[in-house]
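Here are the chains, one letter per residue:
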Amino acid sequence: MKRGEFLKNSALAALGITTIFTTNSFTGKKPAFKAENSTQNPDDNFELNEITVAELQDKMAKGVYTSAQITQLYLDRIATIDKNGPKLNSIIEVNPDALTIAKAMDKERKDGKIRGPLHGIPVVIKDNIDTADKMMTTAGALAMVGNYAKKDAFIVTQLRNAGAVIIAKTNLSEWANFRSTNSSSGWSSRGAQTKNPYILDHSPCGSSAGSGSAVAANLCAIAVGTETDGSITCPSSINGGVGIKPTVGLVSRSGIIPISHTQDTAGPMTRTVADAAMLLSVLAGVDSADPITKESRGKSTDYTKYLVKDALKGKRIGVEKKKYKNQFYNDLQDKALEVLKKKGATIVEIDYLESINALGNDEFEVLKYEFKDGVNKYLSTANGKMKNLADVIKFNKENEDLAMPTFKQELLEQSEAQKGLNDPAYVKALKKSHEGAKKIIDDVLKTNNLDALTGLTMGPACSIDVIYGDKWGEVSLTAPAAMSGYPHITVPCGKVYDLPIGLSFFSGAYREGEIIGLAYAYEQATKHRVQPEFRKAFLD
């Protein structure tokens, strides 16, 4: 789920953002921040910094590294950066069997068996995804401590079959940020506050905060997050990475602690479009335990074939005609649009976001109904002590100082008060939000003969505030693809206030390949990805 600010203002902006980005650094004088990319961090000499999956495979093939050596390097990096250095708190639990798995992949390689492009590659996954190993699955909640999954989530099986080495689980906004309207993105009662590796007192966004922060800080090769609305694309944008929210149905949700069966999906979080395409190719698959994936039969593919540098040529791409209030955001988007034009795309100004934003209240109602239904189903068969949502609420009340030291659990309580999915109010809200969003996007694409829609993904990260919660700016482009269930990719676009911002591409159902191509062409033309500097505060 997206930042808590949406939950405060859903009546105003459909997961959109209604308050302008604020910081106490503005004095009316010439700003002390920069609107361009900063240089790479000269003090960070980690030997695997910014390395890609293809480069890791090449080094393993040449005998430069083994998977076990690469895994150990990342485990050491986690200890140095995440736990003892800047203390990002992006990793909630390390897999004690990671090296054993890596050595097994090395033996297979030595014996001539290569499972595919992820063979021996370390990956981290969000702590709402089941793993039948020595790691727990808790959604960051103290109430869920002790929940050891009985079986792997479908996508975990996909990863293991591909030869990936799951080295850790990542911290997240507790309950995927569906606990409070005043939440701080990236905070959980089990994992504490995740930080943004670019400026440590700023938010990593959420709910896949740990995955976004860990990828940005080079604590892993690639990561997996989940999204209901913005939970992959926002932390990817905010942390200078690439994130793909697939079409709902392309990637299985079985074995993942849910919010919404209408909008939930897992997806890749990486540093490059190529790695994201490679990871999506592995994650996608039809799962009998998740009926909606049957719709994707015959539609998934090897998405790396869409990595073409001239993919923008001849494309028609729509952008919201209404400008931002902030001049730096407008300048950054204008520069991005100029790149798209130079690469052969036609930009078409359209007016559609206001109609999407008007569906926000209905979406919020849908999520409350579906959260209760989904969590109760998950907990009823889980291994932990919590057997339903009411148990979680009771636990939090009895352990308030630890579980709810600042913001509370009003969303859990509101969800618990909802009726079943046959309630006419739910059915009405679902039709308005989900079907309504699909119709708006489909009509906009068809009427204007568009291949995709684009715009800035999010504004820059807000300051972390665990007491009063997130305060985000005016830029948010996660709702259209989230409510419709359509695919969405974000790619680094540059910086404002010395903080990363992403550029989004989204389109109709199962058009992942096309938007991956657009993002790749833009990425290769701009190369906006830069390493984080681990600055302590905004004014440093």
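Structural data are supplied above this passage.
Reference entry: report on the structure contained in this document. (Residues numbered from 1 in each chain as written. Predicted model: local features only at pLDDT ≥ 70, side-chain atom pairs only at ≥ 80, totals over all residues. Heavy atoms only, no water.)

### A closer look at the overall build of the chain
- Along the chain, the regular secondary structure elements total 18 helices and 13 strands.
- The C-alpha atoms of the chain give 21 Å as radius of gyration, which agrees with the globular expectation for 540 residues (24 Å, within 12%).
- When its C-alpha atoms are laid out on the principal axes, the chain stretches across 55 × 55 × 50 Å.
- Considering only intrachain contacts with a sequence separation of at least 6, the fraction spanning at least 24 residues in the chain is 78%.
- Accessible surface computed for the chain: about 19,400 Å², of which carbon and sulfur atoms make up 52%.
- Separation between the mean location of the 67 positive side-chain charges and that of the 63 negative ones in the chain comes to 2 Å. (Helix = DSSP H or I, 4+ residues; strand = E, 2+ residues; numbered from the N terminus. Rg over C-alpha atoms; globule rule 2.2 N^0.38 Å. Contact = heavy atoms within 4.5 Å. Areas by Shrake-Rupley, 256 points an atom, 1.4 Å probe, with all protein chains shown as cover. Lys, Arg positive; Asp, Glu negative; His and termini not counted. Charge placed at Lys NZ, Arg CZ, Asp CG, Glu CD.)

### Points about the state of the cysteines
- Scanning the entire structure with this criterion turns up 1 disulfide.
- Disulfide pairing places Cys205 opposite Cys234 at an S-S distance of 1.8 Å. Around the S-S axis, the bridge from Cys205 to Cys234 shows a dihedral of about 100° and counts as right-handed. Of this pair, Cys205 sits in the loop between strand 5 (192-193) and helix 7 (209-216) while Cys234 sits in helix 8 (residues 233-238); the two residues are 29 residues apart in sequence, bridging distant segments of the chain.
- The class of Cys234 is buried, set by a relative accessible area of 0%.
- Its sulfur unpaired, Cys493 is 15 Å from the next cysteine sulfur, which belongs to Cys234. (Disulfide = S-S within 2.5 Å. Buried < 20%, exposed > 50% of the residue type's maximum accessible area, 1.4 Å probe, protein only.)

### A few points about the side chain of Asp130
- Within the secondary structure, Asp130 is located in the loop between strand 2 (122-126) and helix 5 (154-161).
- Here Asp130 occupies a buried position and makes no salt bridge, while the nearest side chain of opposite charge, Lys169, is found at 5.7 Å. (Salt bridge = Lys/Arg side-chain N within 4 Å of Asp/Glu carboxyl O.)

### Thoughts on the nonpolar core
- Leu118, Leu159, Val224 and Phe505 are the most contacted members of the largest nonpolar core, which totals 109 residues.
- Apart from the residues lying within four places of it in its own chain, the contact partners of Leu159 are Leu118, Ile125, Ala164, Ile166, Val224, Leu279, Val282 and Leu283.
- Counting residues in hydrophobic clusters, the runner-up holds 22 residues, among them Ala141, Met144, Ile257 and Ile393. (Core = buried A, V, L, I, M, F, W, Y, C linked by side-chain atoms within 4.5 Å.)

### Here's the deal with the environment of Tyr303
- Turning to its location among the elements, Tyr303 is positioned in the loop between helix 9 (273-283) and strand 9 (316-320).
- Residue classification places Tyr303 among the buried positions, given a relative accessible area of 3%.
- For the pair Tyr303 and Lys315, spaced 12 residues apart in the sequence, the C-alpha separation amounts to 19 Å.
- Look past the residues within four positions of Tyr303 in its chain and what remains in contact with it is Leu250, Ala277, Leu280, Ser281, Glu512, Gly513 and Ile516.

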